[in-house]
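What the coordinates show
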Amino acid sequence: MKAIYSNTFILLFFLCVIGAIGCSSNLTKVSGKVTLDGEPVEGASLTFTLKDNPSVIGTGITNSKGEYSLVSFQGGDKAIRGVSPGWYLISIVKKEEDGPPLKDTSTMSIEERVNYDMSRTGGGMTKKKFIYHIPKKYEVAENSGLSLEVPAKGSVENDFLLE
């Protein structure tokens, strides 16, 4: 009787391991470096959007050396290293809001919040202004001119040499 439970446990364990590996084995690891005018860019946000299915994305943020490694979210909120194979359109952004630091509005009355918001946006209907640390042309994947084909197996090392 003990052997049956032991064998069942071992079988279930291997099925779980195989299932977990199967869920992530179809992902390809993608990494590289982002430079602007030859200098590494720290804190840039990369988004890879699958050309044939825009709901499939991979994201990454560069470190102090400009290096990134993509992660994706497969069926939940857990980040998994890698992306599905296919052609990706790519955006790279590093920007910050231009203006005074944000205030804590949690203790403001509604009227104070409205006045504060309008003062920050120049009347409430204008768009926020940003300081771009990477040319704005790289912000929208469809217009950035950046793309990459990710193969079904292995890993990809791809550097972005921005100007």
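For the structure, see preceding data.
Residues numbered from 1 in each chain as written. Predicted model: local features only at pLDDT ≥ 70, side-chain atom pairs only at ≥ 80, totals over all residues. Heavy atoms only, no water.

We now examine the overall build of the chain. The helix and strand inventory of the chain stands at three helices and 13 strands. Here the chain holds 163 residues, and the buried ones make up 28% of them. In the chain, the proportion of contacts linking residues at least 24 apart, taken out of those at least 6 apart, comes to 66%. Entry remark: accessible area of the chain is about 11100 Å², with carbon and sulfur atoms responsible for 58%. (Helix = DSSP H or I, 4+ residues; strand = E, 2+ residues; numbered from the N terminus. Buried < 20%, exposed > 50% of the residue type's maximum accessible area, 1.4 Å probe, protein only. Contact = heavy atoms within 4.5 Å. Areas by Shrake-Rupley, 256 points an atom, 1.4 Å probe, with all protein chains shown as cover.)

Inspection of every chain in the model, using the stated rule, returns one salt bridge. Where Glu139 meets Lys95, a salt bridge forms, and the shortest distance between an N and an O atom there is 2.7 Å. With Glu139 in the loop between strand 10 (130-132) and helix 3 (141-144) and Lys95 in strand 9 (residues 95-97), the pair connects residues that are 44 residues apart, well separated along the chain. Assessed through its relative accessible area of 32%, Lys95 is described here as partly exposed. (Salt bridge = Lys/Arg side-chain N within 4 Å of Asp/Glu carboxyl O.)

In this section: the pairing of strand 8 (residues 86-93). Of the pairings in the sheet, the one linking strand 3 (residues 45-50) to strand 8 comprises six bridges and is antiparallel in character. Note on strand 8: the bridge partner recorded for Leu50 is Tyr88. (Pairing = 2+ DSSP bridges.)

Counting residues in each nonpolar core, the largest one holds 22 residues, and the members touching the most others are Val30, Val34, Phe48, Tyr68, Ile92, Phe160 and Leu162. Taken together, the elements giving at least two residues each to this core come down to strand 1 (29-36), strand 3, strand 8, strand 11 (147-150) and strand 13 (160-162). Filtering out sequence-adjacent residues up to four positions away, Val34 remains in contact with Glu39, Pro40, Val41, Leu46, Thr62, Gly66, Tyr68, Ile92, Phe160 and Leu162. (Core = buried A, V, L, I, M, F, W, Y, C linked by side-chain atoms within 4.5 Å.)

Time to look at unusual backbone geometry. Leaving glycine out, the prevailing phi sign among residues is negative, and the prevailing peptide bond configuration is trans. Positive phi values are uncommon outside glycine, yet Asp37 reaches one of about 55°. In this structure, Asp37 sits in the loop between strand 1 and strand 2 (39-40).

Another aspect to go through is the side chain of Ser144. You can see Ser144 is positioned in helix 3. For Ser144, a relative accessible area of 9% corresponds to the buried category. Only 3.0 Å separates the side chain of Ser144 from the backbone nitrogen of Leu146, close enough to count as a polar contact. Beyond its immediate stretch of four places on either side in the chain, Ser144 contacts Ile90, Lys137 and Tyr138. (Polar contact = N/O pair within 3.5 Å; in protein donor to acceptor, adjacent residues only side chain to side chain.)

With that settled, consider the packing of aromatic side chains. One pass over the full model with this rule turns up four aromatic pairs. Measuring from centroid to centroid gives 6.4 Å for Phe48 and Tyr68, while their planes differ by 40°, and the two rings are tilted. Here the residue Phe48 occupies a position in strand 3, and Tyr68 occupies one in strand 5 (residues 67-69), the gap between them amounting to 20 residues. One aromatic cluster is present, formed by Phe48, Tyr68, Tyr88 and Phe160 through successive ring pairs. A cation over an aromatic ring shows up here: Lys95 above the ring of Phe130, its NZ or CZ 4.3 Å from the ring centre. (Phe/Tyr/Trp six-rings, centres within 6.5 Å; stacked < 30°, edge-to-face > 60°. Lys NZ or Arg CZ within 6 Å of the ring centre and 35° of its normal.)

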